[in-house]
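Okay, here's what each chain looks like letter by letter:
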Amino acid sequence: MPAVSGNDEHAKPAIPTLEQVSSGGVVFRQGVSGMEVALISVGKPERWQLPKGIVDPGETPEVTAVREVREETGVTATLVEKIDTIEYWYVGDKAGQRVRFHKFVHFFLLAYQSGDIGQHDWEVNEARWVDLQAAKALLSFKSERQALEKAERLIEALKK
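What you see as residue numbers is a count from 1 along each chain, following the sequence as written. Local features in a predicted model are, by the rule used here, given only for residues with pLDDT of at least 70; side-chain atom pairs are given and counted only at 80 or more, and totals for whole chains, interfaces and linings are based on all residues. By convention in this description, side-chain values take in all heavy atoms of the structure and omit both hydrogens and water.

Caption draft 1: Representation of the packing of aromatic side chains within the structure. The pairing test for Phe, Tyr and Trp rings, Trp by its six-membered ring, is centres within 6.5 Å, and the orientation test on the planes gives stacked under 30 degrees, edge-to-face over 60, and tilted for anything in between. Applying the stated rule across the entire model yields three aromatic pairs. Ring geometry for Tyr88 against Tyr90: centres 6.2 Å apart, planes inclined by 40°, an arrangement best described as tilted. Exposure is judged per residue with a 1.4 Å probe applied to protein chains only, and the accessible area is read against the type maximum: over 50% gives exposed, under 20% gives buried, and values in between give partly exposed. Exposure remark for Tyr88: the relative accessible area of 32% places this residue in the partly exposed category. Owing to a relative accessible area of 30%, Tyr90 belongs among the partly exposed residues under this scheme. On the numbers, 5.3 Å between centres and 90° between planes, the contact of Tyr112 with Trp129 is edge-to-face. Taken together, the positions of Tyr112 in strand β6 (residues 97-115) and Trp129 in strand β7 (residues 126-131) put the pair 17 residues apart, joining distant regions of the chain. A run of DSSP states H or I qualifies as a helix once it reaches four residues; a run of E qualifies as a strand once it reaches two. Both are numbered from the N-terminal end.

Next up, the structure:
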């Protein structure tokens, strides 16, 4: 009888891996007290983050960024330039099955044009304009703070 290692009997089946692509941005405007950016609060417990969402079939990341910003913040913004693409892994659920996602998020710098930040969609608990320096402390994710810092450098360069 062949020897059976303990690992073979209890091996877990591999969970499927899917690639997921999102896009969003740093929307900025000149406020009364300085440069402000639009942040959103989502989830319970609440997380403050940059507006972003899944790139729909046939949509470019640039188009998605403008659309998601409008949906999640209520404001219309114009694309200025790409900030960065961040990448990470997470485990989630797709159609009732556990899936490992390899996530790519494209972030763009967007200039505020019009709209009311209170007119966000149902997915968002709250959207607000936040002083750029305060926004760095409020953001829940390090990768988004880094994207905001890159955006700050791009905004400074635009002023020159």
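Picking up where we left off.
Caption draft 2: Local environment of the layout of surface pockets. Using a grid of 1 Å spacing that covers the protein atoms alone, one calls a set of points a cavity when a 1.4 Å probe fits there but cannot get out, and a pocket when the set is open and has protein on both sides within 12 Å along at least five of seven lines; lining residues are those with an atom within 4 Å of a point. Grid points are joined across faces, edges and corners, and a volume is the space filled by probe spheres set on the points. Roughly 530 Å³ of internal volume is contained in the largest pocket. Lining the largest pocket are 19 residues, with Gln49, Lys52, Gly53, Glu72 and Lys103 sitting closest to its centre. Counting residues per element, the ones that place at least two in the lining of the largest pocket are β1 (17-31), β2 (34-42), β3 (47-49), β4 (52-54), α2 (61-73), β5 (75-94) and α4 (142-159). Per-element accounting of the lining of the largest pocket gives the leading share, three residues, to β4. Split into classes, the residues belonging to the lining of the largest pocket amount to seven nonpolar, five polar and seven charged. Note that Gly is not counted as nonpolar here; it falls among the polar residues with everything else outside the nonpolar set of Ala, Val, Leu, Ile, Met, Phe, Trp, Tyr, Cys and Pro and the charged set of Asp, Glu, Lys and Arg.

Caption draft 3: Just unusual backbone geometry, in detail. At the junction of Lys44 and Pro45, the peptide bond is cis and its omega measures out at 0° in the coordinates. For Pro45, the location among the structural elements is in the loop between β2 and β3. Unusually for a residue other than glycine, Ala95 sits at a positive phi of about 55°. Counting through the fold element by element, Ala95 comes out in the loop between β5 and β6. Look at Ala95 and you get exposed, because its relative accessible area is 82%.

Caption draft 4: Geometry of the pattern of salt bridges. Here, a salt bridge means any Lys or Arg side-chain nitrogen found within 4 Å of an Asp or Glu carboxyl oxygen. Applying the stated criterion to the full structure yields ten salt bridges. Here Arg67 and Asp56 are joined by a salt bridge, their closest N and O atoms 3.4 Å apart. Note that Arg67 is positioned in helix α2 and Asp56 in the loop between β4 and α2, a separation of eleven residues in sequence. When its relative accessible area of 13% is taken as the criterion, Arg67 is described as buried.

Caption draft 5: Quick peek at the environment of Glu36. Among the secondary structure elements, Glu36 is positioned in strand β2. Apart from residues lying up to four places away in sequence, Glu36 is in contact with Val27, Phe28, Arg29, Gly31, Trp129, Val130, Asp131 and Leu132. A distance of 2.7 Å separates polar atoms of two side chains, one belonging to Glu36 and the other to Arg29. In what follows, a contact means two residues having at least one pair of non-hydrogen atoms within 4.5 Å. Counted as a polar contact is a pair of N or O atoms within 3.5 Å, where, for protein atoms, one must be capable of donating a hydrogen and the other of accepting one, and residues adjacent in sequence contribute only when both atoms are in side chains.

Caption draft 6: Representation of α2 within the structure. Multiplying one less than the number of residues by 1.5 Å gives the expected span of a helix. An ideal rise of 1.5 Å per residue puts 18 Å on 13 residues; α2 measures up with 18 Å between its terminal C-alpha atoms. Where α2 is concerned, the buried positions are Thr64, Ala65, Arg67, Glu68, Val69, Glu72 and Thr73. Elements that come into contact with the buried residues of α2 comprise β1, β2, β4, β5, β6 and β7. Looking one or two residues beyond α2, the residue adopting positive phi is Gly74, at roughly 85°.

Caption draft 7: Representation of the nonpolar core in the model. Residues enter a nonpolar core if they are buried and are Ala, Val, Leu, Ile, Met, Phe, Trp, Tyr or Cys, with the set joined through side-chain atoms within 4.5 Å. By size, the foremost hydrophobic cluster in this structure holds 21 residues, and its most contacted members are Val26, Val37 and Leu39. If you list the elements that add at least two residues to this core, you get β1, β2, β5, β6, α3 (132-138) and α4. In terms of nonpolar packing, the next biggest core, distinct from the first, is built from 14 residues, Ile40, Val75, Phe108 and Trp129 among them.

Everything listed here is a matter of geometry and, on its own, says nothing about what the molecule does.
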